Amino acid sequence: MRKRSFSIIVCALLTISVIFGTVGIAFADEAPKAKNGLSKLEDLNGKNLGVQTGVLYEDLIKDDLEGEEWYYYKMPNDMIPALESNKIDAYLIEEVGYYAQRYQHPELIRMEESPGYCDFAVIVGNNDKQDRLFAEIQEFIAAKKADGWLDSLYDYWVKNWDPNTCEIKTIPETTGENGTVIIAIEGGYEPFSFESNGQFSGYDVEFMMNFCAAYGYNWDFQAMEFDSIAPGAVSGKYDFGMNIVVDEERAENSVLSDPYYRCDIVFVLESDQGDESGFIAKLQNSFNKTFIKDSRWRLFVSGIGTTLFITLASLLFGTLLGFAVYMLCRGGNRLANKLTDIVCFIIDGIPTVVFLMILAFIVFSNSHLSGAWISVLGFTLIFGCGMYDMLCVGCNAIPKGQYEASRALGYSDSQSFFKIILPQAAKHFLPIYKNDMVSLIKETSIVGYIAVMDLTKMGDLVRSRTYDPFFALIAVAIIYFILEGVLTAVVSQVEKKVDTQKRSPEKILKGIKEVEW
């Protein structure tokens, strides 16, 4: 009986193991499917689809779909949370980008049917070096295609992509005798250009480093929003722009190199086999990737410094500019007042990001002025206009009798203004000043469009590596909130100092001799 029972138990265990093993094998062999049931291009008719701004991939498929709605995102990785939250049903991206994303998000799958492929070229900046640089980049691409170096570079960074091991093994040495070339990259797009241990790395970065070494240039990589790369190069601000999709219109209006790589375009879907790890584990992993790994907290610190510099410099110069213009106009000079009104009307009517791009890519396109200083100049003009309006409102709120009485008491014009009018006017305009200051801090978050590595841009670079927006966005929001709170507290203290109604009796009676009755 014991032998029989033992045999039954063994058989039962073997049967269970076979059943579960078979089931496991069946599940392992079964390809994951899209949770929304999409499998063919025709299934995308009438769906919400995502694509990155400026890549033009949607032009490959628009004629084959009907009733679809396109949503545009500034970074490829921004489309992942949009897909997972059902804001879009699928998104379009190049195949190499999909494989990099899937490494961090295994729940993503691609649609087998591809809408086509794209060639990618280098755009050459429209400046006095254009002809020479174009000839050299063409020669370099042809030579590296012929000797197989481009193929091996593509295999290393794209086909065998592993974020834990892929890095530039050897940085080529360059003599730099021919000067420096400025190279516009996205800076947040694996495996082409991304931040790694405080430096830029990736396919595009290694490609351009070797080009610069071959032709005796130093390199200066400038990270920015993708849709700012081509305009910046066309304006001549940058010598090269990377990862530009080749199409007829762009080829007519700009100087593009021969393609330096080609890849398929694919639609990305969310599979029905999501991430099953626990909430706490996800949170810990997200925190580690955002701040601890590769000491990425240093990026946030660097971004805070840049944001503070732009904000404080713009506040100081803008306040001085607005005050100086008001002093020129307060005497009633018609020409000065008319010119000031026109300038303020123009600046106030242009969206801030457009105004900064005009300064960077048109006004200072051939200047070596950095993006940070261009930002300071732009925000100084914007805040200066606001300061001028504040002074007009505050000083006009003071009755004219105050000025006339001070003049009758023997005060000069400047003494009347600084001792009588301005202290009273400050009570009226400082609350507005405080609000405009908060708005200025928040508006500096757009300077990434002109290649400034501020707090927001650093958060974007971290998100581009972690493929996880939670902690990066929360951290950026909290830091902005703290900066706003600190600066607001400082202005509030000044506001209390100038408000006579909030002075203590001791300060009110300061300088007055009390007489006992």
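Structural data are supplied above this passage.
The residue count restarts for each chain, going from 1 along the sequence in the order it is written. For this predicted model, a pLDDT threshold of at least 70 governs which residues receive local features, and a threshold of 80 or more governs which side-chain atom pairs are given and counted, while totals over whole chains, interfaces and linings are taken from all residues. With hydrogens and water stripped out, all remaining heavy atoms of the structure feed into the side-chain values.

1. Quick look at the overall build of the protein
Logical step 1: In this description a helix means any DSSP run of H or I spanning at least four residues, a strand means any run of E spanning at least two, and both kinds are numbered starting from the N terminus. Each helix and strand counted, the protein has 18 helices and 13 strands in total.
Logical step 2: In this analysis, two residues are considered to be in contact whenever any of their non-hydrogen atoms come within 4.5 Å of each other. Looking at the protein alone, contacts between residues at least 24 apart form 77% of all its contacts between residues at least 6 apart.

2. Concerning the layout of surface pockets
Logical step 1: Within this model, the second largest pocket holds a volume of roughly 350 Å³.
Logical step 2: Each cavity reported here is a set of points on a 1 Å grid over the protein atoms alone in which a 1.4 Å probe fits but cannot get out, each pocket an open set with protein on both sides within 12 Å along at least five of seven lines, and each lining residue one with an atom within 4 Å of a point. Looking at the second largest pocket, it is lined by 15 residues, and the ones nearest its centre are Tyr326, Arg330, Cys395, Asn396 and Ile421.
Logical step 3: The set of elements that each furnish at least two residues to the lining of the second largest pocket consists of α10 (297–329), α13 (371–396), α14 (400–408) and α15 (413–443).
Logical step 4: Broken down by element, the lining of the second largest pocket gets its largest block of residues, four residues, from α13.
Logical step 5: Three categories are distinguished: nonpolar for Ala, Val, Leu, Ile, Met, Phe, Trp, Tyr, Cys and Pro, charged for Asp, Glu, Lys and Arg, and polar for the others, with Gly belonging to the last. In the lining of the second largest pocket, the residues fall into 10 nonpolar, three polar and two charged. Grid points are joined across faces, edges and corners, and a volume is the space filled by probe spheres set on the points.

3. A short note on the packing of helix α4 (residues 130–146) against helix α6 (residues 203–215)
Logical step 1: Interaxial angles span 0 to 180 degrees and are taken between N-to-C directions of axes, which are lines fitted to C-alpha atoms, for helices over the stretch in contact. Here α4 crosses α6 at 110 degrees, and the two axes come no closer than 11 Å. Classified by the angle between their axes, α4 and α6 sit roughly perpendicular to one another. Judged by the twist between their axes, the crossing of α4 over α6 is right-handed. Each of Glu136, Ile137, Glu139, Phe140 and Ile141 in α4 lies in contact with α6, whose residues at this interface are Phe207, Met208, Asn210, Phe211, Ala214 and Tyr215. Roughly parallel refers to an angle under 35 degrees, roughly antiparallel to one over 145, roughly perpendicular to one between 65 and 115, and oblique to any angle outside these ranges. Left-handed describes a crossing in which the near helix is turned anticlockwise from the far one by less than a right angle; the clockwise case is right-handed.

4. What to know about a negative patch on the surface
Logical step 1: Only residues whose relative accessible area exceeds 30% and that form no salt bridge are eligible for patches; like-charged ones are grouped when within 9 Å, while nonpolar side chains (Val, Leu, Ile, Met, Phe, Trp, Tyr) are grouped when within 5 Å. We get accessible surface area from the Shrake-Rupley algorithm with a probe of 1.4 Å; when it comes to residues, only the shown protein chains can shield them. One side-chain nitrogen of Lys or Arg within 4 Å of one carboxyl oxygen of Asp or Glu is enough to make a salt bridge. In this tally, Asp and Glu contribute negative charge and Lys and Arg positive charge; neither His nor the terminal groups of the chain are included. Charge coordinates come from a single atom per side chain, which is NZ of Lys, CZ of Arg, CG of Asp or CD of Glu. Taken together, the side chains of Glu42, Asp59, Asp63, Asp64 and Glu113 present a region of like negative charge at the surface.
Logical step 2: Tracing the chain through its elements places glutamate 42 in the loop between α1 (2–29) and β1 (48–52).

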